[in-house]
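Listed here are the chains, written in short residue letters.
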Amino acid sequence: MSDTIFMKIINKEIPSDIIHEDDQCVAFRDVNPQAPVHFLVVPRKAIPRLQDLSPEDEPLIGHIHSVITLLADKEGIAEGYRVVANSGASAGQSVFHLHFHVLGGRPMHWPPG
Ligand code: AMP
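Computed from a predicted structure; not experimentally measured.

The rules behind the values
- Residues numbered from 1 in each chain as written.
- Predicted model: local features only at pLDDT ≥ 70, side-chain atom pairs only at ≥ 80, totals over all residues.
- Heavy atoms only, no water.
- Salt bridge = Lys/Arg side-chain N within 4 Å of Asp/Glu carboxyl O.
- Helix = DSSP H or I, 4+ residues; strand = E, 2+ residues; numbered from the N terminus.
- Buried < 20%, exposed > 50% of the residue type's maximum accessible area, 1.4 Å probe, protein only.
- Near = heavy atom within 4 Å.
- Polar contact = N/O pair within 3.5 Å; in protein donor to acceptor, adjacent residues only side chain to side chain.
- Areas by Shrake-Rupley, 256 points an atom, 1.4 Å probe, with all protein chains shown as cover.
- 1 Å grid on protein atoms, 1.4 Å probe; cavity = no way out; pocket = protein on both sides within 12 Å on 5 of 7 lines; lining within 4 Å.
- Sits in = over half its atoms within 2 Å of the grid points.
- Nonpolar A, V, L, I, M, F, W, Y, C, P; charged D, E, K, R; others polar.
- Points joined across faces, edges and corners; volume = space filled by probe spheres on them.
- Core = buried A, V, L, I, M, F, W, Y, C linked by side-chain atoms within 4.5 Å.
- Contact = heavy atoms within 4.5 Å.

## Section: the pattern of salt bridges
Under the defined criterion, the tally for this structure stands at seven salt bridges. With a shortest N-O distance of 3.4 Å, aspartate 17 and arginine 29 are connected by a salt bridge. Within this pair, whereas aspartate 17 is found in the loop between helix 1 (5–10) and strand 1 (18–21), its partner arginine 29 is found in strand 2 (residues 25–29), the two being separated by 12 residues in sequence. Exposure remark for arginine 29: the relative accessible area of 31% places this residue in the partly exposed category. Measuring nitrogen to oxygen at the nearest pair gives 3.3 Å for the salt bridge that ties arginine 44 to glutamate 21.

Quick look at the structure:
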């Protein structure tokens, strides 16, 4: 199976605006931002969808959420932001490498549609 665009970003095969990386995950700005602050946090491990998680991934997902809180602070949105994971095509997922959208810097509306 060929690599997704996010695996190419993780492997630095294509450029991106990376704001964090560690041994488990990488965060970079969304190329088509939907809010003043919009970045994606992705595991280095190639998990296609949230629905494909297994019990062994639980520490990884906890780590990613800790990173999200640190980056929300760093990006100045800690007071209010939204975390979104689209799981599956019918939910709007277009890149099949698990990712968490983090959006902030403007009022968020509900329901998201
Ligand atoms: P989703 O529709 O939930 O799968 O989200 C995929 C997101 O990846 C979209 O918000 C895209 O704008 C974003 N995206 C696609 N290609 C890139 C890229 N090369 N660099 C940064 N973000 C990207």
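The rest of the description comes next.
## Here's the deal with the site of the ligand
Asp30, Asn86, Gly92, Ser94 and His101 are the nearest of the 16 residues found near the ligand. Separating an oxygen atom of the ligand from a backbone N or O atom of serine 94 is a distance of 2.7 Å. Notes on the ligand: free accessible area 510 Å², of which the protein chains cover 82%. Mapping the ligand onto the cavity grids shows that it belongs to the largest pocket. Mapped onto the shell around the ligand, the elements with two or more residues apiece are helix 1 and strand 2. Among the elements that make up the shell around the ligand, the one with the highest residue count is helix 1 (three residues). A class-by-class count of the residues in the shell around the ligand yields seven nonpolar, seven polar and two charged.

## A few points about the layout of surface pockets
If you roll a probe as big as a water molecule over the atoms, it shows you where there is empty space left. In this structure, the largest pocket encloses a volume near 690 Å³. Looking at the largest pocket, it is lined by 30 residues, and the ones nearest its centre are Asp30, Gln34, His38, Leu40 and His101. Secondary-structure elements contributing two or more residues to the lining of the largest pocket are helix 1, strand 2, strand 3 (37–43), strand 4 (81–84) and strand 5 (100–104). Grouping the amino acids of the lining of the largest pocket by side-chain chemistry returns 14 nonpolar, 11 polar and five charged.

## What to know about the nonpolar core
A general trend in soluble globular proteins is that nonpolar side chains are found buried together. Phe39, Val41, Ile64 and Leu71 are the most contacted members of the largest nonpolar core, which totals 18 residues. Counting only elements with at least two residues in this core, the list comes to strand 2, strand 3, helix 2 (58–74) and strand 5. No other element matches helix 2, which puts seven residues into this core. Excluding its chain neighbours within four sequence positions, the residues that come into contact with leucine 71 are Ile19, His20, Ala27, Phe39 and Val41.

Take it as geometry only, folks, not as evidence of what the structure does.
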